[in-house]
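A look at the structure
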Amino acid sequence: TTEDDDLSLGLPGLSLGRRDFMKAGVAAGAMGSVAGCSALTGGGGSAGSQSTPSGSGASHTVEPGEHDEYYGFWSGGHSGELRVVGIPSMRELTRIPVFNTDCASGYGYTDGTQEMLEEGGGYSWGDNHHPNLSETDGDYDGEYLYVNDKANGRIARVNLTYFETDAITDVPNMQAIHGCTVLSPDTKYVLGNGEFRVPLPNDGTDVKNPDNYTSLFVAVDPESMETQWQVKVDGNLDIVDTGKEGRWAISSAYNSEEATDIQGMTKDDRDNVKAFDIPAIEQAVENGNYEEVNGIPVVDGTQDSPLNKGDRPIVKYIPTPKSPHCVEVGPNGDYAFIAGKLSPTVTMLDLDALADSSDPEEVVAGRPRVGLGPLHTTFDGNGHAYTSLFIDSQAVKWDIEAAVEAEEGSEDPIIEKQDVHYNPGHIQALEAMTTDPDGEWLVSLNKLSKDRFLPVGPIMPDNDQLIHIGQGEEEMELVADHPAYPEPHDCVFAHKDKIDAKKVYDKDDYEETYITEEDSGVERTGESSVHVKMTTKRSEYGLPDFTVQEGDEVTLTTTNIEGVQDIIHGVAIPEHDINYAVAPQDTREVTFTADDPGVYWIYCTFFCSALHLEMRSRMIVEPA
Ligand code: CUK
Ligand code: CUA
């Protein structure tokens, strides 16, 4: 078996045979089972124990009562949520429900959040992969976080003042949005890559003819969250990142064969990375060079489009080794780094050269050979790139300029390799996506943990590993293992000074009616509808009880009139599937039908005071 044979990853129709797999001690199959190799080859393993700091003596301990220096925002994959993790402690600080519902906070139970999920497609789950912080001048401004839903073609926005999802856009014409990024430097758009090719429009016509399927690239307005325009391209789009000057969005892509099965998708040796010229696309839209589909201007960016034939094509197609995975643009915006996945190389595109050419000879600035299964790359801001190697189970550190100097396929730029446990996807260093990365810490988001934790049944956690990198001069050092519930894909870090989270709601930020103690009461609003208003404070509701009639539609508005931070009250109504949190100075509303006559004790779910258990109200439903 030659080294190149190993790149087949067990994909059907490729050169590595079943016998080779059996030799390596794993069953034949796709990527998942190849993963087994790594424990035997690259992965090594420190006997299942956590590594302890040695060498540099880097400590990630944050003493009790002390704060972490960075916020980490983790995508939660198909759990639908985001997680907020302190760096360097790796402590989970909170979770932000996005595409899922959450009974602790009441997200998806209150009227406002239920409506948002309903208008955002009405699905009960989503698959978020790529969290992105809003930027001003290429730096995080602490306003918003945007994240994709790979499952249903959506983009959601999280308000970072309240750490709360405040908008979900169900993008028309797209089934899956995988790659997602903001357009640097000032977040002009949130950009998304449609991964699954479907008919346009996907309305039941042309379902049997894959030649008429298409993959779309979309721009969403970051404020209104409305879809602005889309570009249709050849092949499947995968991941996207932008240059730092607002012109280029670079997307990796696979399946230029436009097949519908894995054999077909991996048949050819080459695929095309797409470079979207954003101002040129805007010009095409302005000139009316589009077709409107479901209310959205769709610009033709396929290779044969007239818009790609002139002096300034809207999309440049750059041939790369087949099925590349990620694109990350380096901190100074010089190069886009495209990880080879099936090729053991990272392709570096020169973004300046791209303005004049899309000829690989002229735009490929380097192509170091980094190892097997390169998926994602991150940066320390001091001239080094760090690439995750899925198959080798390693993080490889290499020198960016040395890679430009070296011959294509050279291993010379490689400085060091660090084993991780096991099979990393994304890899992310502090503020690596800004123009000024901070170095110091890197997290490797490993897909498999195998024996690294106490056994918890067959669905095992991922393993997010903290690695000390310093300013790039020292050796990498594995410092901590951190189990993660399925399944983070990516994370992004912001210094704590860039996020300004409020501890108490500012009622001016919300439209809901603020209720005072005097407002507490029941108002009949129709023959079979009532509006109940009540406050919460330690340790009573504004109404000790209220009475409605069987069949009434009840709207219950609750304000927490506490002005003190951290005193949250809950409103739980047994047998009505209702529970939600009301934080200090916040107002929440819920609407339900009182179908069953009887007595229902409303109780507080947050332990708020010594008399928390006594914090009760009583809903009396009189028979009709
Ligand atoms: S993807 Cu999961 S490891 Cu969705 Cu960014 Cu590469
Ligand atoms: Cu209020 Cu417990």
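Residues numbered from 1 in each chain as written. Chains lettered and ligands numbered in written order. Predicted model: local features only at pLDDT ≥ 70, side-chain atom pairs only at ≥ 80, totals over all residues. Heavy atoms only, no water.

Another aspect to go through is the overall build of the chain. Each helix and strand in the chain was counted, giving eight helices and 41 strands. Evaluated residue by residue, the chain yields a buried proportion of 58% over its 624 residues. Of all intrachain contacts in the chain linking residues separated by at least 6 positions in sequence, the fraction that spans at least 24 positions is 59%. Here the chain displays about 25,300 Å² of accessible surface, and carbon together with sulfur accounts for 46% of that area. Here the chain contributes 42 positively and 112 negatively charged side chains, and the mean placements of these two sets differ by 4 Å. (Helix = DSSP H or I, 4+ residues; strand = E, 2+ residues; numbered from the N terminus. Buried < 20%, exposed > 50% of the residue type's maximum accessible area, 1.4 Å probe, protein only. Contact = heavy atoms within 4.5 Å. Areas by Shrake-Rupley, 256 points an atom, 1.4 Å probe, with all protein chains shown as cover. Lys, Arg positive; Asp, Glu negative; His and termini not counted. Charge placed at Lys NZ, Arg CZ, Asp CG, Glu CD.)

Moving on, we get to the sheet that holds strand β5 (residues 139-149). Taken in spatial order, the four strands line up as β4-β5-β6-β7 in an open sheet, and their pairing is antiparallel. Only two strands of the sheet have a single neighbouring strand rather than two, namely β4 (132-136) and β7 (164-170). Averaged over all pairs of adjacent strands, the angle between their axes in this sheet comes to 30 degrees, without regard to strand direction. The pairing of strand β6 (residues 154-159) with β7 spans six bridges and is antiparallel. Bridge pairing links Arg-157 to Ala-167 in β7. (Pairing = 2+ DSSP bridges. Axes fitted to C-alpha atoms, helices over the stretch in contact; angles between N-to-C directions.)

What follows concerns helix α5 (residues 278-286). Among the residues making up α5, those that are buried are Ile-278, Ala-280, Ile-281, Glu-282, Ala-284 and Val-285. Summarising the contacts, the buried residues of α5 are in contact with β9 (190-194), β11 (213-220), β12 (227-233), β14 (248-254), β15 (270-277) and β17 (296-300).

This part is about the site of ligand 1. Lining the immediate environment of ligand 1, one finds His-129, His-130, His-178, Ile-239, His-325, His-376, Gly-425, His-426, Lys-447 and His-489. Residue composition of the shell around ligand 1, grouped by class: one nonpolar, eight polar and one charged. (Near = heavy atom within 4 Å. Nonpolar A, V, L, I, M, F, W, Y, C, P; charged D, E, K, R; others polar.)

What follows deals with the sheet that holds strand β13 (residues 236-242). The four strands lie next to each other as β13-β14-β15-β18, forming an open sheet whose pairing is antiparallel. The sheet terminates laterally at β13 and β18 (315-321), the two strands that pair on one side only. Across this sheet, the average inter-strand angle for adjacent strands is 25 degrees, counted without regard to direction. This element, α5, spans β14 and β15 of the sheet and lies at about 70 degrees to β15.

Quick look at a negative patch on the surface now. A contiguous patch of negative charge on the surface is contributed by Glu-245, Asp-334, Asp-352, Asp-356, Asp-359, Glu-361, Glu-362, Glu-401 and Glu-405. Those elements that provide at least two residues to the negative patch are α7 (360-363) and α8 (400-405). With respect to the helices and strands, the residue Glu-401 is situated in helix α8. (Patch = residues over 30% accessible without salt bridge, like charges linked within 9 Å, V, L, I, M, F, W, Y side chains within 5 Å. Salt bridge = Lys/Arg side-chain N within 4 Å of Asp/Glu carboxyl O.)

To continue, consider the pattern of salt bridges. Within this structure, the stated rule accounts for 28 salt bridges. The salt bridge partner of Lys-188 is Glu-282, with a shortest N-O separation of 2.7 Å. Taken together, the residues span a long stretch of sequence, with Lys-188 in the loop between β8 (177-182) and β9 and Glu-282 in helix α5 at a distance of 94 residues. Overall, the relative accessible area of 46% leaves Lys-188 in the partly exposed class. Relative accessible area serves as the criterion here: at 19%, Glu-282 is assigned to the buried category.

With that settled, consider the packing of aromatic side chains. Taken as a whole and judged by the stated rule, the model has 12 aromatic pairs. The ring centre of Tyr-144 lies 4.3 Å from the NZ or CZ of Arg-157, which sits over that ring. (Phe/Tyr/Trp six-rings, centres within 6.5 Å; stacked < 30°, edge-to-face > 60°. Lys NZ or Arg CZ within 6 Å of the ring centre and 35° of its normal.)

The predicted model of the chain averages 91 in pLDDT, with 91% of residues at 70 or higher. Every residue in residues 1-54 scores below 50 in pLDDT, and together they form 92 contacts with partners more than four places removed in sequence or on other chains. (pLDDT = per-residue confidence, 0-100.)

Next up on the list: the nonpolar core. Phe-546, Leu-556, Ile-573, Phe-592, Ile-602 and Met-619 are the most contacted members of the largest nonpolar core, which has 25 residues in total. Among all residues touching Phe-592, those that are not within four sequence positions of it are Asp-552, Glu-553, Val-554, Leu-556, Ile-573, His-576, Ile-578 and Met-619. Counting 23 residues, the second-largest nonpolar core is a separate cluster that includes Ile-96, Met-116, Leu-160 and Ile-168. (Core = buried A, V, L, I, M, F, W, Y, C linked by side-chain atoms within 4.5 Å.)

A few words now on the environment of Gly-598. Considering the arrangement of structural elements, one finds Gly-598 in strand β40 (residues 598-603). In sequence terms Gly-598 and Thr-260 are 338 residues apart; their C-alpha atoms lie 57 Å from each other. Those residues within four positions of Gly-598 in sequence are excluded, and the remaining contacts are Met-619, Ile-620 and Val-621.

What follows concerns unusual backbone geometry. The bulk of non-glycine residues show a negative phi, and the bulk of peptide bonds are trans. Here the bond from His-421 into Tyr-422 is cis, since omega is -10 degrees, no more than 30 degrees from zero. Secondary-structure assignment places Tyr-422 in the loop between β26 (414-419) and β27 (424-430). In this structure, Glu-487 follows Pro-486 across a cis peptide bond, with omega equal to -5 degrees. One non-glycine residue with positive phi stands out, namely Asp-137, at about 55 degrees. Secondary-structure assignment places Asp-137 in the loop between β4 and β5. Look at Asn-423: it is not a glycine, yet its phi comes out positive at around 55 degrees. Topologically, Asn-423 is positioned in the loop between β26 and β27.

The next thing to look at is helix α3 (residues 111-119). The complete set of buried residues in α3 reads Asp-111, Thr-113, Met-116 and Leu-117. The inward-facing, buried residues of α3 contact β7 and β39 (587-594). Count one or two residues on from α3 and you reach Gly-121, which has phi positive near 120 degrees.

Among the five residues of strand β38 (residues 578-582), five are classified as buried, and the element is accordingly described as predominantly covered. Burial along β38 is two-sided: Ile-578, Tyr-580 and Val-582 facing one way and Asn-579 and Ala-581 facing the other are all buried. The pairing of strand β37 (residues 569-573) with β38 spans five bridges and is classified as antiparallel. Looking at the pairing, Ala-572 lines up with Asn-579 of β38.

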